[in-house]
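# Structural features, examined
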Amino acid sequence: MHIKQSIAPTLLALSVSLALSGCLESEQQDPKVSINKNPYPSTYQPLPKQTTLIKNTTVLIGNGERFDNADVLMTDGKISQVGKNLSAVGAVEIDGTDKWVTPGVIDVHSHLGVYPSPSAESHSDGNEMSSPNTSEVWSEHSIWPQDPGFNAARAGGVTTMQILPGSANLFGGRGVTLRNVSSHTMQGMKFPEAPYGLKMACGENPKRVYGSRKILPSTRMGNMAGYRMAWAEATEYKHAWEKYDRDYEAGKNPLAPARDLELDTLRGVLDGEILIHNHCYKAEEMAMMIDLGKEFNYPSGTFHHAIEGYKIADLLAENGNCAAMWPDWWGFKMEAYDMIHENVAVVNAVKNSCAIVHSDSNSTIQRLNQEAGKVMYRANENGFALKPAEAIRWITLNAAKSLGIDDKTGSLEVGKNADVVLWNQSPFSVYAQAEQVFVDGAKVYDRFDDKYQATSDFMLGQAEVPALPKKGGQ
């Protein structure tokens, strides 16, 4: 008892001291350290729009539905109605007889602006080949908005696109989603509220680039080790910031973790705010990347190129992965060798799949509708029964899903952005041409009206190269 009595005053004093210390600590907190996740916000503003009614046309909604002899009404930049015998006071009416209407085309894999035309070394800004992990770079900081390729893509019906870094690195950096409108700044094209993407790359590219420098990775197992080391470090970084936030909210005055731009991007993926877009050809590598996502608790996202997607179509659908593919590019390197022309159709055939046709080309982006048509026709020659209403999803709604913007665009459903293309005939015909293109209900292209055929500032005043005289017999 005597011992307890002698200790009691000491414990009481210590308790009071700690309580006072806690009060003082909460009163003397430094300003909270926070990270601005959107330091380069969109300044995009829709162009002047008007109520527009396209009458008596074939409509591919983008979600698998088709309407014949139907009307499409655009009001206040949104799709307001799709049906028959529609009318609207003051609407500009367009006769769509014998024509087709689709959602605006979306390309999930473009390098316009970072590898612009004219192609010159001084404009080659898409691949930061200085480290296997360059997650800190953002493609938007390389975009040249005056790239004439944007205008050419718009004439092909492209209204939205993701601009990605190149594929030299395990982690190439952030991609950005753009509205295909004329602008003097990248921010003026930036799709409001679209999530960022993180470009990753499997296979030959990173191991070739860095193996030639005698640094990791030089093998596919080196690739995998590099991913795992990066995600392990990002996980620790995420936990450090979460602990800082908890401690600060508890009234303590913790020291904020050191800022790391590379790990900011990787943490964004772990937090579900940034979407993975992975250059990956081979089936076994895509399967490993799915397992990698499970190991570090993030969705493994969209696989780009996916030459062997047909081998694991069920696994892709099961794990919610989109696959963005070419119709017929193959054989240009070993990992692109084991290709079939029905690749997109096989991936598409599985329930809950997300098959996409992409370009990865400044010329192919101008005819993504016909690239999708190649798949449809070739697959149907080999036993499939694909219809235009399904095939259009590959360049509209599925692409929007991959980019995390399918609640805003990708289909002509009521309430979505009025991103619309009027074609002279079926968009899957080799003779198809986009006649009018709308973004948020504003006309941005008209094949028959020069006022809606934007020209890059770069091209103004450029002398046209005269045509060479034809020789006899040609």
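Throughout this document, residue positions are counted from 1 along each chain, in the order its sequence is written. pLDDT decides what is reported in this predicted model: residues at 70 or higher carry local features, side-chain atom pairs at 80 or more are listed and counted, and totals for whole chains, interfaces and linings draw on all residues regardless. Side-chain numbers here rest on the full set of heavy atoms in the structure, without hydrogens or water.

## Quick look at the state of the cysteines
When the sulfur atoms of two cysteines come within 2.5 Å, that pair is taken as a disulfide. Tallying each qualifying case throughout the model produces 2 disulfides. Between the sulfur of Cys322 and that of Cys354 lies a disulfide, 2.1 Å long from S to S. The chirality of the disulfide connecting Cys322 with Cys354 is right-handed, given an S-S dihedral of about 80°. Residue Cys322 is located in the loop between helix H7 (313–318) and strand S12 (323–325), and its partner Cys354 is located in the loop between helix H8 (343–348) and strand S13 (355–357); the two are separated by 32 residues in the primary sequence. No difference in accessibility class separates Cys322 from Cys354, as the two residues are buried. Counting from the N terminus, the helices are DSSP H or I runs at least four residues long and the strands are E runs at least two residues long. Exposure is judged per residue with a 1.4 Å probe applied to protein chains only, and the accessible area is read against the type maximum: over 50% gives exposed, under 20% gives buried, and values in between give partly exposed.

## Regarding helix H3 (residues 204–211)
Of all the 8 residues making up H3, 6 are buried; the element is thus mostly covered by neighbouring parts of the structure. Every buried residue of H3 is listed here: Glu204, Asn205, Pro206, Val209, Tyr210 and Gly211. Contact between two residues is taken to exist if any of their heavy atoms lie within 4.5 Å; hydrogens are not considered. In this structure, the buried residues of H3 make contact with strand S9 (197–201), helix H4 (220–249) and strand S10 (275–280).

## Notes on the pairing of strand S11 (residues 302–305)
At least two bridges found by DSSP between two strands is the condition for calling them paired. By the bridge criterion, 4 bridges tie S10 to S11 in an arrangement that is parallel. The residue of S11 that forms the bridge with Asn278 is Phe303. Where the polypeptide runs from S10 across helix H6 (residues 283–296) and back to S11, its parallel neighbour, the crossover connection is right-handed. With 3 bridges joining them, S11 and S12 adopt parallel strand pairing. Of the residues in S12, the one forming a bridge with Phe303 is Ala323. Between S11 and its parallel partner S12, the chain crosses via H7, and the hand of that crossover is right-handed. A right-handed crossover is one whose linking path, passing over the helix from the first strand to the second, runs clockwise when the strands point away from the viewer.

## A word on helix H2 (residues 148–155)
The buried fraction of H2 is high, at 6 of 8 residues. By the burial criterion, the buried members of H2 are Pro148, Gly149, Phe150, Asn151, Ala153 and Arg154. Contacts made by the buried residues of H2 are with strand S7 (158–163), strand S8 (171–179), strand S15 (434–439) and strand S16 (442–446). Each polar contact in these results corresponds to two N or O atoms within 3.5 Å; when the atoms are within protein, one needs to be able to donate a hydrogen and the other to accept it, and residues that are neighboring in sequence are counted only if both atoms are side-chain atoms. Its side-chain oxygen 2.9 Å from the backbone nitrogen of Gly149, Asp147 forms the N-cap of H2. The first or second residue beyond H2 is Gly157, which carries a positive phi of 90°.

## Quick word on the environment of Glu335
Locating Glu335 in the fold gives a position in the loop between S12 and H8. Along the backbone, Glu335 and Ala306 are 29 residues apart, and their C-alpha atoms lie at a distance of 9.9 Å. Apart from the residues lying within four places of it in its own chain, the contact partners of Glu335 are Gly203, Glu204, Asn205, Arg220, His279, Tyr281, Lys282, Glu285 and Ile307. A polar atom in the side chain of Glu335 sits 3.0 Å from the side chain of Lys333.

## Focus on unusual backbone geometry
That bond from Ser117 to Pro118 is cis: its omega, 5°, falls within 30 degrees of zero. Turning to its location among the elements, Pro118 is positioned in the loop between strand S6 (105–110) and H2. The amide bond that connects Leu216 to the next residue, Pro217, takes the cis arrangement and shows omega of 5°. With respect to the element layout, Pro217 can be found in the loop between H3 and H4. Backbone geometry places Asp440, a non-glycine residue, at a positive phi of 50°. Tracing the backbone through its elements, the reader meets Asp440 in the loop between S15 and S16. The exposure class assigned to Asp440 is buried, which follows from its relative accessible area of 8%.

## What to know about empty space enclosed by the protein
Empty space left among the atoms is revealed by rolling a probe the size of a water molecule over them. Computed over the protein atoms alone on a 1 Å grid, cavities are sets of points where a 1.4 Å probe fits but cannot get out and pockets are open sets with protein on both sides within 12 Å along at least five of seven lines; a residue lines them when it has an atom within 4 Å of a point. Grid points are joined across faces, edges and corners, and a volume is the space filled by probe spheres set on the points. Following the criterion strictly, the structure yields 1 cavity of 30 Å³ or more and no others. Considering only enclosed or pocket space, the largest cavity measures out at about 60 Å³ in volume. Cys202, Arg220, Asn223, Met224, Tyr227, Glu285, Met288 and Met289 are the residues that line the largest cavity. Contributing elements (two or more residues each) for the lining of the largest cavity: H4 and H6. Looking at the lining of the largest cavity element by element, the count peaks at 4 residues for H4. Lys, Arg, Asp and Glu make up the charged group, whereas Ala, Val, Leu, Ile, Met, Phe, Trp, Tyr, Cys and Pro make up the nonpolar group; the residues left over, Gly among them, are polar. Across the lining of the largest cavity, the residue classes tally to 5 nonpolar, 1 polar and 2 charged.

## A word on the layout of surface pockets
Taken as a whole, the largest pocket holds about 680 Å³ of empty space. Forming the boundary of the largest pocket are 34 residues, of which Asn36, Lys37, Asn38, Trp138 and Arg174 lie nearest the centre. Counting residues per element, the ones that place at least two in the lining of the largest pocket are S8, H4 and helix H5 (261–270). Among the elements that line the lining of the largest pocket, the one with the most residues is H5, at 4 residues. The residue makeup of the lining of the largest pocket, split by class, is 15 nonpolar, 7 polar and 12 charged. The space that makes up the second largest pocket amounts to roughly 280 Å³. If you go around the second largest pocket, you meet 20 residues; those closest to its centre are Leu275, Pro299, Ser300, Gly301 and Gly320. Mapped onto the lining of the second largest pocket, the elements with two or more residues apiece are S10, H6 and helix H11 (397–403). Residues that form the lining of the second largest pocket fall into these classes: 8 nonpolar, 10 polar and 2 charged.

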